[in-house]
Amino acid sequence: MAPQVKDYYELLEVDKKASPDEIKKAFRKLARKYHPDLNPGNKSAEQKFKEINEAYSVLGDEKKRAEYDQYGRSPFEGGGPGFDYRAHAPGNSFDFGDIFSDMFGAGGRGEAYAMKGPDMLMSLPLSLEEAFSGVTKPISFVREAVCKACGGTGAETYRQCDACKGTGKVSAAKGFFRMSQPCSACGGTGRKVTKGCSACGGNGKTMHTESLKVKIPAGADNGSKVRIRGMGGAGQGGGPAGDLQIEITVADHPIFKRKGDNILVDLPVTIGEAALGAKIEVPTIDGTAAMTLPPGTQGGQKLKLSGKGFPSAKSGRRGDQLVTIRIAVPKKITDSARAALKELEALYGESPRKGMVKKP
Ligand SMILES: [Zn+2]
Ligand SMILES: [Zn+2]
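In total, this model carries four aromatic pairs according to the counting rule given. Taking 6.1 Å as the distance between ring centres and 45 degrees as the angle between the ring planes, the aromatic pair formed by Tyr-9 and Tyr-68 counts as tilted. Remark: Tyr-68 occurs in helix α4 (residues 62–71) and Tyr-9 occurs in helix α1 (residues 8–11); sequence separation between them is 59 residues. Tyr-68 carries the same exposure label as Tyr-9, and that label is buried. Among the aromatic residues, those joined into a cluster by ring pairs are Tyr-8, Tyr-9 and Tyr-68. Over the ring of Tyr-158 we find Arg-191; its NZ or CZ atom is 4.4 Å from the centre of that ring.

Let us now look at the packing of helix α3 (residues 43–59) against α4. Contact geometry for α3 and α4: axes closest at 6 Å, N-to-C directions at 100 degrees. Looking at the two axes, α3 sits roughly perpendicular to α4. Residues Ser-57, Val-58 and Leu-59 of α3 form the contact with α4, whose participating residues are Lys-64, Arg-65 and Tyr-68. Class assignment of the residues belonging to the contact of α3 with α4 gives a composition of three nonpolar, one polar and two charged.

Our next topic: the sheet that holds strand β11 (residues 262–270). Strand order in this open sheet of four strands is β10-β11-β15-β14, and the pairing throughout is mixed. On the outer flanks of this sheet lie β10 (257–259) and β14 (302–305), each paired with one strand and no other. On average, each strand axis in the sheet is inclined to that of its neighbour by 35 degrees, with strand direction left out of account. Pairing of β11 with strand β15 (residues 321–328), which is carried by eight bridges, proceeds in the parallel orientation. Within β15, the position partnered with Thr-270 by the bridge is Ala-328.

Reading guide: rules and limits
Residues numbered from 1 in each chain as written. Chains lettered and ligands numbered in written order. Predicted model: local features only at pLDDT ≥ 70, side-chain atom pairs only at ≥ 80, totals over all residues. Heavy atoms only, no water. Phe/Tyr/Trp six-rings, centres within 6.5 Å; stacked < 30°, edge-to-face > 60°. Helix = DSSP H or I, 4+ residues; strand = E, 2+ residues; numbered from the N terminus. Buried < 20%, exposed > 50% of the residue type's maximum accessible area, 1.4 Å probe, protein only. Lys NZ or Arg CZ within 6 Å of the ring centre and 35° of its normal. Axes fitted to C-alpha atoms, helices over the stretch in contact; angles between N-to-C directions. Parallel < 35°, antiparallel > 145°, perpendicular 65-115°, else oblique. Contact = heavy atoms within 4.5 Å. Nonpolar A, V, L, I, M, F, W, Y, C, P; charged D, E, K, R; others polar. Pairing = 2+ DSSP bridges.

The following block contains the structure:
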């Protein structure tokens, strides 16, 4: 049952004058659409896939395309069971990786076993002051690292794998075409261990205690992360180690609360300071600052100390400190104080709750 002979340009749904780029794009689109692994059991998709591969093996190659344009299809008649797209694929001009990597892992590109190690996460508690100014902290943790004795092979001595002749790959049929697969006999390493590494018990990895100093930049917020490359779990097959991610946790502060780049403070003042106005000292994250209370300051009123907040991660400019005034009322009242306060009461011309409460 010979496939119906179709024009290669028609198969790829492109114009005869299509540029190499257009042909490549058209092929990729169709190859994704008709790939047998995406159309299991669909014979017509399989046939179509075979045809477009064949068409592309010719039209994707400048020289073959020119010959095809001149002489037609016959010199390159291919197809049939066992059609090997690799044999027909034009040189290095096409990378199957992006189509096949999803389906077969990176195996189609010959880098199956080099895998990055897992990332590790640890949390680092900081005080608000440390988060404000930045700090260098010593940390210590245990991670799985490549065994130094055997370089991660797990072997003290080994010989070449017979099944793959040391290449780590074997050619296997995948549907109607053939492709390279990891050698199962040796796990893709190309080697057979004859004596296991005694330092790591043959698994290629050992536990290491790492001690580092981590620099936390000024302004770090709760939940922000610092990444240290290569300090995570060991990679596979010569792949790089994962990363260590350090998550900052900032402890609550007895006085200051952070809100974005601003710092919030509740500040108690006396009745006299509030009523008469005063120059007072206010705590800030980096020392005390002078602040003027205007006469007649009310409880709950907010005053701003510009530039006394946290440094912005973007601009480095400091936010503000927002001070909320609390009126501190003395709990013990002497007789003379009582008399003075009574006099003070008379100064309220009307109730401060006027309009809020209806009198019966
Ligand atoms: Zn070892
Ligand atoms: Zn092998």
